[in-house]
Amino acid sequence: MDEILEVAEVAADFGLEGVMAWIVRLIGLLALLAGAGMWLVAEMSLLVLPAALMAVGLVLLVAPSIFLLFLE
């Protein structure tokens, strides 16, 4: 956890916290869309992986805002 905070502090020093937040949000959106796509084409027995991808995608969409709020 200390390494993550150190990277966030270095990014804040260079003014890149907004760029990093948008990259994480983009990865979250891609994971959410991948999970939804897998859910649409998968069998009913294979719903755990798409659900997990969608949950991770939602967390990655929301996490940067909360993390930057606590960092300030």
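In this report, the structure presented in the accompanying data block is examined. (Residues numbered from 1 in each chain as written. Predicted model: local features only at pLDDT ≥ 70, side-chain atom pairs only at ≥ 80, totals over all residues. Heavy atoms only, no water.)

## Here we look at the overall build of the protein
This is how the line gets drawn: Put simply, DSSP marks the helices as runs of H or I at least four residues long and the strands as runs of E at least two long, and each gets a number from the N terminus on. Radius of gyration: C-alpha atoms only; globule rule: 2.2 Å multiplied by the number of residues to the exponent 0.38. Whether a residue is buried, partly exposed or exposed follows from its accessible area with a 1.4 Å probe, protein chains only, as a fraction of its type maximum: under 20%, in between, or over 50%, in that order. The contact criterion used throughout is that any non-hydrogen atoms of two residues lie within 4.5 Å. Only the protein chains shown count as covering a residue, and every accessible area follows the Shrake-Rupley method with a 1.4 Å probe.
A count of helical and extended segments in the protein gives three helices and zero strands. Listing the helices and strands of the protein from first to last along the sequence gives α-α-α. In terms of overall size, the protein is more extended than a compact globule, its C-alpha atoms giving a radius of gyration of 15 Å where 72 residues would be expected to give roughly 11 Å. Counting all 72 residues of the protein, 15% fall into the buried class. A sequence separation of at least 24 residues applies to 57% of the contacts in the protein between residues at least 6 apart. As displayed, the protein has an accessible area near 5500 Å², and 77% of this comes from carbon and sulfur atoms.

## Description of the environment of Ile-27
As for its placement among the helices and strands, Ile-27 is situated in helix α2 (residues 17–41). Along the primary structure Ile-27 and Leu-61 are separated by 34 residues, whereas in three dimensions their C-alpha atoms are 8.1 Å apart.

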